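Fold and contact review
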Amino acid sequence: MNNLISSATQFNPFFLLVIGAIFVNNFVLNQFLGCCPFLGVSKKTDTALGMGLAVTFVMGIASLVTYIIDTYLLSNPAILGGSLSYLQTIVFILVIAGLVQAVEIVIKKVSPGLYGSLGVYLPLITTNCAVLGVAILNTTSKLVTNVGYAFANGVLSGVGFTVAILLMSGIRERMEHIDLPKHFKGFPISLITAAIMSMAFTAFSGMFGL
């Protein structure tokens, strides 16, 4: 089995990207980014799925746009007469904010029910550090070597976020029917659950040299 994994990773870097983004370097459970919507919108599975899909979409498009801007504009001295990489964070935030506004408008038109369920958490994607995190990590990761890989990493990181929030929502829905001690109900048991999930996901760390 180890030989099969070694061969796959040696000749297929995309395999590493998939496993790394979803499991090994999961933004919520491993890097602790995007915890606000993870804890706030995981009470119901349908709402969690909607948030996960919205975050995945924004992550994918943001990764694509920000990588192009950084590679061909900010980090290219030939275009603007000097490197503007120091503006990376500000530019990325503005791009992400614009994309979130676009997603919000689309969801409000297409699915008013989902828009109402997401409530304040939809605009919070603008300040979701996981979205900004994947955009910045795309410019430094050794696995992201071109625009296509940047887009794939963004989408796959969003899938990892969706997997984490769906697992959390499923557990929280089951806990509604459990007689918990008074002081553990609500947010405390959610934090404990997230911590146990995080420990479980650390089992993937080091398996593929990531």
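Higher on the page you've got the structure.
A brief look at the structure comes next. What you see is a predicted model; the values in this text were computed from it and never measured.

**A look at a nonpolar patch on the surface**
Taken together, the side chains of Phe184, Ile192, Ile196 and Met199 define a hydrophobic patch exposed on the protein surface, amounting to about 380 Å² of accessible area. Structurally, isoleucine 196 is set in helix α10 (residues 187–201).

**A closer look at the environment of tyrosine 149**
Along the chain, tyrosine 149 falls in helix α9 (residues 147–175). Among the residues examined, tyrosine 149 registers a relative accessible area of 22% and is labelled partly exposed. Sequence-wise, tyrosine 149 and phenylalanine 14 are 135 residues apart; in three dimensions their C-alpha atoms are separated by 8.0 Å.

**A look at the packing of helix α6 (residues 88–110) against helix α8 (residues 129–138)**
Running from N to C, α6 and α8 cross one another at 130 degrees; their axes reach a closest spacing of 10 Å. When the axes of α6 and α8 are compared, the pair comes out oblique. Crossing angle aside, the handedness with which α6 passes α8 is right-handed. Side by side, α6 and α8 meet where Gln88, Thr89, Phe92, Ile93 and Ile96 of the first sit next to Val131, Leu132, Ala135 and Ile136 of the second. Split into classes, the residues belonging to the contact of α6 with α8 amount to seven nonpolar, two polar and no charged.

**A short note on α9**
Between its terminal C-alpha atoms α9 stretches 42 Å, which fits the 42 Å expected from 29 residues at 1.5 Å a residue. With a side-chain oxygen lying 3.1 Å from the backbone nitrogen of glycine 148, the N-terminal cap of α9 falls on asparagine 146.

**Some words on the side chain of threonine 56**
For threonine 56, the position within the fold is in helix α4 (residues 45–74). A polar side-chain atom of threonine 56 sits 3.0 Å from the main-chain carbonyl oxygen of glycine 158. Within the local environment of threonine 56, its side chain forms a polar contact with the side chain of threonine 162, the two groups lying 3.1 Å apart. With near-sequence residues (within four places) excluded, threonine 56 lies in contact with Val155, Gly158, Val159 and Thr162.

**Examining α8**
Note on helix geometry: an α-helix contains 3.6 residues per turn, so any two residues three or four positions apart are oriented the same way. Within α8, seven of the ten residues are buried, which leaves it mostly tucked inside the rest of the structure. Those residues of α8 that sit buried are Ala130, Val131, Leu132, Gly133, Val134, Ala135 and Asn138. Contacts from the buried residues of α8 go to α4, α6 and α9. Of the residues flanking the start of α8, the one acting as N-cap is asparagine 128, its side-chain oxygen 3.0 Å from the backbone nitrogen of alanine 130.

**Things to note about the packing of aromatic side chains**
Evaluated as defined, the whole model comprises four aromatic pairs. Ring geometry for phenylalanine 14 and tyrosine 149: centres 6.1 Å apart, planes at 85 degrees, overall edge-to-face. Placement of the pair is phenylalanine 14 in helix α2 (residues 13–24) and tyrosine 149 in helix α9, with a sequence separation of 135 residues.

**Side note on the nonpolar core**
Formed by 38 residues in total, the largest nonpolar core has its most connected members in Leu29, Phe38, Met51, Ile125, Val131 and Ile165. Breaking this core down by element, the ones donating at least two residues are α3 (35–40), α4, α6, α8, α9 and α10. In contact with methionine 51, not counting residues within four places along its chain, are Pro37, Val41, Leu118, Tyr121, Leu122, Ile125, Phe161 and Ile165.

Criteria and thresholds
Residues numbered from 1 in each chain as written. Predicted model: local features only at pLDDT ≥ 70, side-chain atom pairs only at ≥ 80, totals over all residues. Heavy atoms only, no water. Patch = residues over 30% accessible without salt bridge, like charges linked within 9 Å, V, L, I, M, F, W, Y side chains within 5 Å. Areas by Shrake-Rupley, 256 points an atom, 1.4 Å probe, with all protein chains shown as cover. Salt bridge = Lys/Arg side-chain N within 4 Å of Asp/Glu carboxyl O. Helix = DSSP H or I, 4+ residues; strand = E, 2+ residues; numbered from the N terminus. Buried < 20%, exposed > 50% of the residue type's maximum accessible area, 1.4 Å probe, protein only. Axes fitted to C-alpha atoms, helices over the stretch in contact; angles between N-to-C directions. Parallel < 35°, antiparallel > 145°, perpendicular 65-115°, else oblique. Left-handed = near helix turned anticlockwise from the far one by under 90°. Contact = heavy atoms within 4.5 Å. Nonpolar A, V, L, I, M, F, W, Y, C, P; charged D, E, K, R; others polar. Expected span 1.5 Å × (residues − 1). Polar contact = N/O pair within 3.5 Å; in protein donor to acceptor, adjacent residues only side chain to side chain. Phe/Tyr/Trp six-rings, centres within 6.5 Å; stacked < 30°, edge-to-face > 60°. Core = buried A, V, L, I, M, F, W, Y, C linked by side-chain atoms within 4.5 Å.

These figures come from the coordinates and say nothing about function on their own.
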